[in-house]
Amino acid sequence: MGSVQVSIDLLQGPNGGGEKPGFSTAIHRLQQANPVKNPVSERSGAIVPGVDRYASGTIATIRTSMASTTHQDTSVNPKNPQNSRLLIWLLAIGILLGIGFRFFEIERKLYWHDEAYTSIRAAGFTRQEIDDELFQNRIIPAPELQKYQRIKPGSTAADTIRSLALEDPQHPPLYFLMARLWMQQFGSSLAASRSLPAILSLLSLPLMYALAQELFASNLAALVATTLLALSPFDILFAQTARQYSLLTATVIGSSWLLLRALRLRGWQNWAYYSIAIAIGCYTHPFFTLTLVGHGVFIIACWLFVKKRKLRGHLTNSQFFLAVTAALILYLPWIYVLATNLERASATTDWTRISPGWLYLAKLWTLSFTALFFDFDFGFDNIWTYLLRWPFLLLIAAAVYNICRRTNISTLLFIITSIFVPFLMLVLPDIILGGKRSAVSRYLISCFPGVQLAVACLLASNVKTQQRFWQVVLAGVFTASIASCTVSGVSDTWWSKDLSYFNAEVARNINKEAMANRSIKDTIVISDRGNDFTNMGDLLSLSYLLDKDVRLMLLSQSPDIEMLNKYSAPLVFRPSEKLRSALKQNQRRLEPILPYAKLFRVRRTS
């Protein structure tokens, strides 16, 4: 305990923390007070020298030492200040480009199934009431569906919460309440709906800078990390998606920064800020808990491998777990909602328990992690989709290796736990119980900031020494990201549209027929609720793309096939097995138009 107090006093200076000494002076004093060397630091050659070597101090001492180096790092190489300043300007331009990409053609890509459900929940509708009103053997113009994407007359925020609690209890209400407020102020157009997540995604940029500064005490590393996030094809895709994922990214990064800040500054106010961040994260998405568990493993690992003095370690652990407990108390209302509707939540997510096989999982892991830097969509089974991503897999592996070899133990533990704890929490159930949770890219959001931080550390530490190879690598990574964002930005669909991926092509085929039938206005598209009751979301998605003359024949679970007699060869979209059977019994067959998108034409059996 004596050496702990000496270490803190030496770093705080004679005034008990009022005036900090220079980092080199603090390290010199620590050397005099405690010359014992840490063999881990000797092996690693830490980027921040001296921090781990004298790790018998507290975690707070480590964080204070790391933070005190910030003023020394100007990010300008004294040997070549012009090149260093040019690099900083280029990074700043990259950040501005990333901001621009978040709003570029924001209304162009199709409004997919899940986004349509965001608008339904925010507007105060339930799926059941819409289904009961629509699928009643009736014919309506396609654009009429969009009334369910606008605020329900007479509804309140309580209706939004009720819609989620009854039908989607696994989704906490924070983002949907924000979307409702946004809809009330700015309308329900595609641009309005998507501008909210785009703006929320901007919060992640300063938070990433602050987190990288806290970890590496380097302006250059912080700028590189922020630029990687700004230009990330994955993050830009979900910044333009009317779902809660950009807010989730911000809470993952922000809570991590506040945790490290609380460890460094120690005051109860800082732990209170961290607790509030946890509560916001929990109310944003259930998979924020992956980040929270990662934080817990980090705290325990620091206590085991960094902290050598028990008293302060126990105090830090207590502060962390008190902050988590306070956050969970704030989250108790939705825990109750989830517990009372657990069967519904399980039924809604049962698709994640389908086992697709090892090869499928490996492909999706490759696509998910490399999409942070490169995202050309050549097709899921195209070999070039994977060959072109190998350099980025190697870059990620090199970055993790660099973190393990060249950073202090506390930084290493934070990066490793932030990447691998959330990942393993998804992978292990898939392997042991079967499923594809880890194959869903958006579920891996908790892992991604750690990957970007590791790559930023690798690039910044090597580029700053004017190594030509790493300068080329840095330029190549940013070029690949910009090219990926440009291509996806001008496309009307992308892999992130999931089960709605082919909706744009479906709409083009239907509209082509509508143009041919313009004079008689006789374009009919038949559909029903579908096998899994998901057709309504995709019909809403199509309503934004279909010609105003296209009409939808929405059949009930007891379909009135006689309605088809007026039409010679109507189209049918995603017919359920019940509808297929009814058509067959009435001497009608399905002629494929886009079989992979389940678009058919109904013909009479000759």
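Residues numbered from 1 in each chain as written. Predicted model: local features only at pLDDT ≥ 70, side-chain atom pairs only at ≥ 80, totals over all residues. Heavy atoms only, no water.

**Here's the deal with the overall build of the chain**
Phase 1 of the analysis: Per the secondary structure count, the chain includes 27 helices and six strands.
Phase 2 of the analysis: Residues counted as buried form 57% of the 606 residues belonging to the chain.
Phase 3 of the analysis: The contacts of the chain with a sequence gap of at least 6 include a subset with a gap of at least 24, amounting to 76%. (Helix = DSSP H or I, 4+ residues; strand = E, 2+ residues; numbered from the N terminus. Buried < 20%, exposed > 50% of the residue type's maximum accessible area, 1.4 Å probe, protein only. Contact = heavy atoms within 4.5 Å.)

**Remarks on the pattern of salt bridges**
Phase 1 of the analysis: This structure, assessed with the given rule, holds 20 salt bridges.
Phase 2 of the analysis: Residue Asp 114 pairs with Arg 442 through a salt bridge whose shortest N-O separation is 3.9 Å. In this pair, Asp 114 is assigned in helix H6 (residues 113-123) and Arg 442 in the loop between helix H22 (409-432) and helix H23 (448-463), connecting sequence segments 328 residues apart. Like Asp 114, the residue Arg 442 is buried in the burial classification.
Phase 3 of the analysis: A salt bridge links Arg 603 to Glu 591; the nearest nitrogen and oxygen atoms lie 3.3 Å apart. (Salt bridge = Lys/Arg side-chain N within 4 Å of Asp/Glu carboxyl O.)

**What to know about unusual backbone geometry**
Phase 1 of the analysis: For Ala 217, which is not glycine, the phi dihedral falls at a positive 50°.
Phase 2 of the analysis: Looking at the secondary structure, you find Ala 217 in the loop between helix H11 (204-216) and helix H12 (219-230).
Phase 3 of the analysis: The exposure class of Ala 217 is buried, given its relative accessible area of 5%.
Phase 4 of the analysis: For Asp 498, which is not a glycine, the phi torsion comes out positive at approximately 55°.

**Section: the sheet that holds strand E1 (residues 138-141)**
As a general point, the strands of a sheet are linked pairwise by backbone hydrogen bonds and lie either parallel or antiparallel.
Phase 1 of the analysis: Overall, mixed pairing links the six strands, which are arranged E1-E3-E2-E4-E6-E5 in an open sheet. The sheet is open, and its two edges are formed by E1 and strand E5 (588-594), each paired on a single side. Pairwise comparison of adjacent strand axes, ignoring direction, gives a mean angle of 35° for this sheet. (Pairing = 2+ DSSP bridges. Axes fitted to C-alpha atoms, helices over the stretch in contact; angles between N-to-C directions.)

**So, the packing of H6 against helix H9 (residues 174-186)**
Phase 1 of the analysis: The interhelical angle for the contact between H6 and H9, taken along N-to-C directions, is 80°, at an axis separation of 8 Å. Judged by the inter-axis angle, H6 sits roughly perpendicular to H9. Residues Thr 118, Ser 119, Arg 121, Ala 122 and Ala 123 of H6 pack against Tyr 175, Phe 176, Ala 179, Arg 180 and Met 183 of H9.
Phase 2 of the analysis: Here the residues of the contact of H6 with H9 are counted per class, giving six nonpolar, two polar and two charged. (Parallel < 35°, antiparallel > 145°, perpendicular 65-115°, else oblique. Nonpolar A, V, L, I, M, F, W, Y, C, P; charged D, E, K, R; others polar.)

**Quick notes on the environment of Phe 378**
Phase 1 of the analysis: Within the secondary structure layout, Phe 378 lies in the loop between helix H19 (358-370) and helix H20 (383-387).
Phase 2 of the analysis: Apart from residues lying up to four places away in sequence, Phe 378 is in contact with Trp 384, Thr 385 and Leu 388.

**A word on the confidence of the model for the chain**
Phase 1 of the analysis: Overall, the predicted model of the chain reaches an average pLDDT of 86, with 84% of residues at or above 70.
Phase 2 of the analysis: Contacts from residues 1-72, a stretch scored under 50 in pLDDT, to residues over four places away or in other chains number 125 contacts. (pLDDT = per-residue confidence, 0-100.)

**Quick word on the side chain of Gln 170**
Phase 1 of the analysis: Tracing the backbone through its elements, the reader meets Gln 170 in the loop between helix H8 (157-167) and H9.
Phase 2 of the analysis: With a relative accessible area of 13%, Gln 170 lands in the buried category.
Phase 3 of the analysis: Among residues more than four places away in sequence, those in contact with Gln 170 are Pro 286, Leu 338, Ala 345, Thr 348 and Thr 349.

**Structural notes on the pairing of strand E2 (residues 524-527)**
Phase 1 of the analysis: A two-sided burial pattern is seen for E2, the buried positions comprising Ile 524 and Ile 526 on one face and Val 525 and Ser 527 on the other.
Phase 2 of the analysis: Where E2 meets strand E3 (residues 551-554), four bridges bridge the pair, whose relative direction is parallel. For Ile 524, the partnering residue across the bridge sits in E3 and is Arg 551.
Phase 3 of the analysis: Read as a crossover between parallel neighbours, the route from E2 over helix H26 (residues 535-543) to E3 is right-handed.
Phase 4 of the analysis: Note: E2 against strand E4 (residues 571-573), two bridges, orientation parallel. Within the sheet, the bridge partner assigned to Val 525 lies in E4 and is Leu 571. (Right-handed = clockwise from strand over helix to strand, strands pointing away.)

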